[in-house]
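Structural description and commentary
Read off the chains here:
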Amino acid sequence: DAGVTQSPTHLIKTRGQHVTLRCSPISGHKSVSWYQQVLGQGPQFIFQYYEKEERGRGNFPDRFSARQFPNYSSELNVNALLLGDSALYLCASSLVSVSSYEQYFGPGTRLTVT
Amino acid sequence: AQSVTQPDIHITVSEGASLELRCNYSYGATPYLFWYVQSPGQGLQLLLKYFSGDTLVQGIKGFEAEFKRSQSSFNLRKPSVHWSDAAEYFCAVGASREYGNKLVFGAGTILRVKS
């Protein structure tokens, strides 16, 4: 069975630009979460979506937004990119939103902002 | 607030030697605890989890972890390390529902294996 997939694998953007990252969850998983992993640190929670609704949000500015589609795939959008947004962005899927913390991660999208 | 501390940034062990990676958490209720492994440039792979019950949990690749409530710890162990175990290891705790279904991660421990 296919795991969590993310696209693109790598991305280079310039400060001030906008970026969209995509994620497809494991088949049957309805919840998608996004994490940011800066080099040398553990992943930090950005968003969790379930049934197309935002169920949780981490301490990130409004430049970060996301959505979930009817097929449970998800997009993460970041506006007005800053150098500090350079990171590995990880998507994770899980079976049920409120009772399952067991999350399965994709390979990530490496974003470099210059 | 929930937090996870991994005291060791780097650990080096010889191939065939035993391994213990330390993890301490701060959480008011019964925690959901996880260990993940990350190879360079890769995503996170779930090694094992603790939800309830037996405090010694078995995972993949020969890893195990023991939950000790009195010490707020969830240390990862392996009796005999293989060169392929070299990677970064993250401990995580499942946070409370009001914040959504999120995981709070430690800063990670980089494991080096010497032959």
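The rules behind each value
- Residues numbered from 1 in each chain as written.
- Chains lettered and ligands numbered in written order.
- Predicted model: local features only at pLDDT ≥ 70, side-chain atom pairs only at ≥ 80, totals over all residues.
- Heavy atoms only, no water.
- Phe/Tyr/Trp six-rings, centres within 6.5 Å; stacked < 30°, edge-to-face > 60°.
- Helix = DSSP H or I, 4+ residues; strand = E, 2+ residues; numbered from the N terminus.
- Buried < 20%, exposed > 50% of the residue type's maximum accessible area, 1.4 Å probe, protein only.
- Salt bridge = Lys/Arg side-chain N within 4 Å of Asp/Glu carboxyl O.

1. As for the packing of aromatic side chains
Pairs of aromatic rings are described using the distance from one ring centre to the other and the angle between the two planes. Counted according to the given criterion, the structure contains 16 aromatic pairs over all chains. Relative to B:Phe105, the ring of A:Tyr35 lies with its centre 5.8 Å away and its plane at 90 degrees, an arrangement referred to as edge-to-face. Of this pair, A:Tyr35 sits in strand β4 (residues 31-37) while B:Phe105 sits in strand β11 (residues 103-105), placing the two residues on different chains. Classification of A:Tyr35 by relative accessible area gives buried; the value is 0%. With a relative accessible area of 7%, B:Phe105 lands in the buried category. A network of ring pairs unites the aromatic residues A:Tyr35, A:Phe45, A:Phe105, B:Tyr32, B:Phe34, B:Tyr36, B:Phe51, B:Phe90 and B:Phe105 as a single cluster.

2. What to know about the pattern of salt bridges
What the rule picks out here adds up to eleven salt bridges over all chains. Across the pair A:Arg57 and A:Glu54 runs a salt bridge whose closest N-O atoms are separated by 4.0 Å. You can call A:Arg57 partly exposed: its relative accessible area is 31%. Linking B:Arg77 and B:Glu64 is a salt bridge whose minimum nitrogen-to-oxygen distance equals 3.3 Å. Highlighted residues: B:Arg77 in strand β9 (residues 73-78) and B:Glu64 in strand β8 (residues 64-68), separated in sequence by 13 residues. B:Arg77 sits in the partly exposed class, given a relative accessible area of 23%. Residues joined by salt bridges that share partners form a network here, namely A:Arg22, A:Arg67 and A:Glu75.

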